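# Observations on the three-dimensional arrangement
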Amino acid sequence: QNPKTSTIVKQLVAEGNAGELQKYFGSRMEFGTAGLRAAMGAGISHMNDLTIIQTTQGFCRYLEKNFSDLKERGVVIGFDARAHPSSGGSSKRFARLAANTFISQGVPVYLFSDVTPTPFVPYTVTHLKLCAGIMVTASHNPKQDNGYKVYWENGAQIISPHDKGISEAIEENQEPWPQAWDDKLVDSSLLLRDPYATISRDYFKDIQKHCFHRNINKETKLKFVHTSVHGVGHKFVQLAFKAFDLSPPFAVPEQKDPDPEFPTVKYPNPEEGKGVLTLSFALAEKDGAKIILANDPDADRLAVAEKQESGEWKVFSGNELGALLGWWIFTCWKNQNQGACAIKDVYMLSSTVSSKILRAIALKEGFHFEETLTGFKWMGNRAKQLMDQGKAVLFAFEEAIGYMCCPAVLDKDGVSAAVITAEMASFLATRNLSLSQQLRAVYNEYGFHITKASYFICHDPKIIEQLFENLRNYDGKNTYPKFCGRFQVSGIRDLTTGFDSSQPDQKAILPTSKSSQMITFTFANGGVATMRTSGTEPKIKYYSELCAPPGNSDIEQLKKELDELVNALEEHFFQPEKNNL
């Protein structure tokens, strides 16, 4: 019933444009563990009013089946500032339609009255003991995209088998229910609640438990620049600084207010590094700020840059910031907990494609480290399991600049990560240390961990499949490569098939998934490289790392060795010319 998408379709029919219609109606968006992520527009392959109604009807029926008390507890729905004028879609409209669906079935809905960071949704699920949460966001994707992200009652993103259950329920509930389109109904409903004020207050109270140096924060002369890259983060990072008694960061004026057009950046993704930070560098130079904090548009990720002695800016990789935050959060914990007995219940987590630096710190300091599959859904769920067993999960991170610094949010959170980074930098400044110098100190103590990651773009799923099948049948049938250029392969773990050469029974310990490609190669020189497909973009990604034991400080030699390994990986395993990548 949306006049804009309806007109688009009618026009294509009038023109007899079968090719475009096939694109819009050929296949339905797949609902996976990451929920939905697609461009806004007409047809069942896009995010629009109808596909949001259908998805929510399926999700509602699935929740009714799983929770007898759904009508007492309810769900939370949040949204970012994305909008797509040509199809009439927007995050706010999608959130209201989803709320309407639940309310029509007598389910209470905590619908935020304004945009919020993604981490507010998992926080609200746990804090108010709700059955589930929905966040309408496409995070840092291009501006035409949107997404529908789902959290379970434990406050973590859903994992299998819930994705399959929800997907089947969507298939069974495709016809819109009566009044499905009339989102005005929510405004007069007694089942609608607005958690905005309560959650804003309680969230900042909860993150204050992780503020350990209030006096230093009050006095610090260190200046910070913050950008929310046209997303939702500005107001919340300002409030977080206030909660930690830090002076507010300088906000990049052109980027501080939400704008669905993202006019000043090519991609609204701070992972892309310096391109996204151009305006931040300029403001920092003008105001004499040493450190830049950048959130992605839904404020669940954080990038950090620091001005070096040379005048150059260093943008920290996700692995480097993970090393710093891991060191800092453990140090703060240790100062609060002097007894040795507590350490056996302390855990840190990271994903299997992230740096193994936490493993090195854990080995030396005596706490536990665990790695999970890629993505915060795995770390969030594992953290909750451990916490339910009485363990303390201090920190979790992934190389894609995602950090979980407070157990009150079982997902990545760029707001708490920003303010905790600011406190760490302020503390280090009292010791005349920069973040870069402290990073070097961490590597000196626990061993250098050099990482390099990138990706190839490939729009043809057949080529991707063939590329991975070639690796599985490299020297004849069912044999993986023994060498990559001059580098000897010493171990293989294939999480698509479940093979792991390092295990006695050759079976991988981490869960396997036939629907996505992922192979990890271990090399005789101490290098590790993983190749995997992306769940949300047409990319084949790779992640590589060289870990040296403490005491090996020839960093230039290590970097050179890793560069050569990566070049060999690209040339022999990706074969970009042959595969047209």
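Residues numbered from 1 in each chain as written. Predicted model: local features only at pLDDT ≥ 70, side-chain atom pairs only at ≥ 80, totals over all residues. Heavy atoms only, no water.

Moving on, we come to the environment of A251. Position of A251 among the secondary structure elements: in strand β10 (residues 250–251). Residue classification places A251 among the buried residues on the basis of a relative accessible area of 18%. Put simply, A251 and K65 are 186 residues apart on the chain and 46 Å apart in space, counted from C-alpha to C-alpha. Leaving out residues up to four positions away in the same chain, A251 has contacts with H226, H234, Q238, K256 and L283. (Helix = DSSP H or I, 4+ residues; strand = E, 2+ residues; numbered from the N terminus. Buried < 20%, exposed > 50% of the residue type's maximum accessible area, 1.4 Å probe, protein only. Contact = heavy atoms within 4.5 Å.)

Here the focus is the pattern of salt bridges. Per the stated rule, a full pass over the model turns up 35 salt bridges. In this structure, the salt-bridge partner of R201 is D202, at a minimum N-O distance of 3.0 Å. Among the salt bridges present, the one from D296 reaches R301, with a minimum N-O distance of 3.9 Å. Of the two residues, D296 and R301, both sit in the buried class. Overlapping salt bridges bring together D49, R93, R96, D183 and D187 as one network. (Salt bridge = Lys/Arg side-chain N within 4 Å of Asp/Glu carboxyl O.)

Turning our eyes to something else, we now look at the sheet that holds strand β9 (residues 224–227). With respect to topology, 5 strands assemble into an open sheet ordered β10-β9-β11-β12-β13, the strand pairing being mixed. Only two strands of the sheet have a single partner each, and these edge strands are β10 and β13 (313–315). Pairing geometry for strand β11 (residues 291–295) and strand β12 (residues 302–307), over 5 bridges, is antiparallel. Looking at β12, one finds that I292 is bridged to A305. Set on the sheet, helix α11 (residues 234–243) makes contact with β9, β10 and β11; between it and β9 the angle comes to about 150°. Along the sheet face, helix α17 (residues 435–446) touches β11, β12 and β13 and points at about 105° away from the line of β12. (Pairing = 2+ DSSP bridges. Axes fitted to C-alpha atoms, helices over the stretch in contact; angles between N-to-C directions.)

For the rest of this paragraph, the subject is the nonpolar core. Counting residues in hydrophobic clusters, the biggest one holds 161 residues, and the most contacted among them are F59, F102, F395, Y403 and M531. In contact with F395, not counting residues within four places along its chain, are G322, L325, G326, I329, Y347, M348, L349, L358, Y403, M404 and C405. If you look at the next biggest cluster of nonpolar residues, it comprises 10 residues, including F376, M379, A383 and A396. (Core = buried A, V, L, I, M, F, W, Y, C linked by side-chain atoms within 4.5 Å.)

In terms of domain boundaries, the protein chain breaks down into domain 1 (3–193), domain 2 (203–313), domain 3 (319–446) and domain 4 (449–578). Taken together, both faces of the contact between domain 1 and domain 3 bury some 1100 Å²; the carbon and sulfur share is 60%. For the pair domain 1 and domain 3, the number of links is 1 salt bridge. The partner of D411 in a salt bridge is K149, with the nearest N and O atoms 3.9 Å apart. If you look at where domain 1 meets domain 3, you find 5 residue pairs in polar contact (both at pLDDT 80 or more). Of all the elements in the fold, those that place two or more residues in the side of domain 1 that touches domain 3 are α6 (120–127) and β7 (145–151). Tallied by class, the residues present in the side of domain 1 that touches domain 3 amount to 8 nonpolar, 5 polar and 1 charged. (Domains from an automatic or database assignment. Buried area = accessible area lost by both parts, 1.4 Å probe. Polar contact = N/O pair within 3.5 Å; in protein donor to acceptor, adjacent residues only side chain to side chain. Nonpolar A, V, L, I, M, F, W, Y, C, P; charged D, E, K, R; others polar.)

For any pair of aromatic rings, the description consists of the separation of the ring centres together with the inter-plane angle of the planes. With the rule as written, the count across this model stands at 24 aromatic pairs. Each ring, one from Y62 and one from W152, has its centre 5.9 Å from the other, and the planes form 55°; the classification is tilted. Remark: W152 occurs in the loop between β7 and α7 (162–172) and Y62 occurs in helix α3 (residues 49–66); sequence separation between them is 90 residues. The same class applies to Y62 and to W152, which are both buried. Centre to centre, the rings of Y123 and Y203 are 5.6 Å apart; their planes meet at 90°, and the pair counts as edge-to-face. In this pair, Y123 is assigned in helix α6 and Y203 in helix α9 (residues 196–207), connecting sequence segments 80 residues apart. Of the residues examined, Y123 reaches a relative accessible area of 1% and is grouped as buried. One aromatic cluster is present, formed by F112, F120, Y123, Y196, Y203, F204 and F236 through successive ring pairs. The ring of Y455 is capped by K539, whose NZ or CZ atom sits 3.8 Å from the centre of that ring. (Phe/Tyr/Trp six-rings, centres within 6.5 Å; stacked < 30°, edge-to-face > 60°. Lys NZ or Arg CZ within 6 Å of the ring centre and 35° of its normal.)

So, on to the packing of helix α13 (residues 318–336) against α17. A pair of packed helices is captured by two measures, namely the crossing angle of their axes and the spacing between those axes. Here α13 crosses α17 at 80°, and the two axes come no closer than 10 Å. Judged by the angle between their axes, α13 and α17 are roughly perpendicular. Note on element contacts: α17 touches α13 through L435, Q438, L439, V442 and Y443, opposite E320, A323, L324 and W327. Among the residues forming the contact of α13 with α17, the class breakdown is 7 nonpolar, 1 polar and 1 charged. (Parallel < 35°, antiparallel > 145°, perpendicular 65-115°, else oblique.)

One can find D475 in the loop between α18 (461–472) and β19 (483–484). Classification of D475 by relative accessible area gives partly exposed; the value is 43%. In the structure, D475 is positioned 427 residues away from N48 in sequence and 48 Å away in space, judged by C-alpha atoms. Ignoring anything within four residues of it in the chain, the contact list for D475 reads Y480, P481 and K482.

So, about the sheet that holds strand β15 (residues 368–372). Read across the sheet, 4 strands follow the order β15-β14-β16-β17 without closing on themselves; strand pairing throughout is mixed. Each of the sheet's edge strands pairs with one partner strand only, and the pair in question is β15 and β17 (402–404). Neighbouring strand axes in the sheet, compared pairwise and without regard to direction, differ in orientation by 15° on average. Taken together, the 5 bridges between strand β14 (residues 346–351) and β15 define a ladder with parallel strand orientation. Across the sheet, residue S350 finds its bridge partner in β15, namely E371. Docked against the sheet, helix α14 (residues 357–365) engages β14, β15 and β16 (392–398), running at close to 160° with respect to β15. Across the sheet, helix α15 (residues 376–388) is in contact with β14, β15, β16 and β17; its angle to β16 comes to roughly 175°.

Spanning 12 residues, α9 covers 17 Å between terminal C-alpha atoms, matching the ideal 16 Å at 1.5 Å per step. Within the span of α9, buried status applies to Y196, I199, S200, D202, Y203, F204, D206 and I207. Lining the buried residues of α9 we find α6, α11 and α16 (414–430). (Expected span 1.5 Å × (residues − 1).)

With that settled, consider the UniProt feature "domain: Alpha-D-phosphohexomutase alpha/beta/alpha" (unreviewed entry) in the protein chain. As recorded in UniProt, the sites labelled "domain: Alpha-D-phosphohexomutase alpha/beta/alpha" (unreviewed entry) are residues 29–175, 202–307 and 318–446. Secondary structure content for residues 29–175 is 37% helix and 19% strand, while the C-alpha to C-alpha distance between its ends is 16 Å. Secondary structure content for residues 202–307 is 30% helix and 16% strand, while the C-alpha to C-alpha distance between its ends is 34 Å. (UniProt positions renumbered as here; feature names shortened; annotations may be inferred.)

What follows concerns the environment of L97. Of note, L97 is situated in helix α5 (residues 91–104). A sequence separation of 86 residues divides L97 from D183, and the C-alpha atoms of the two residues are 5.5 Å apart.

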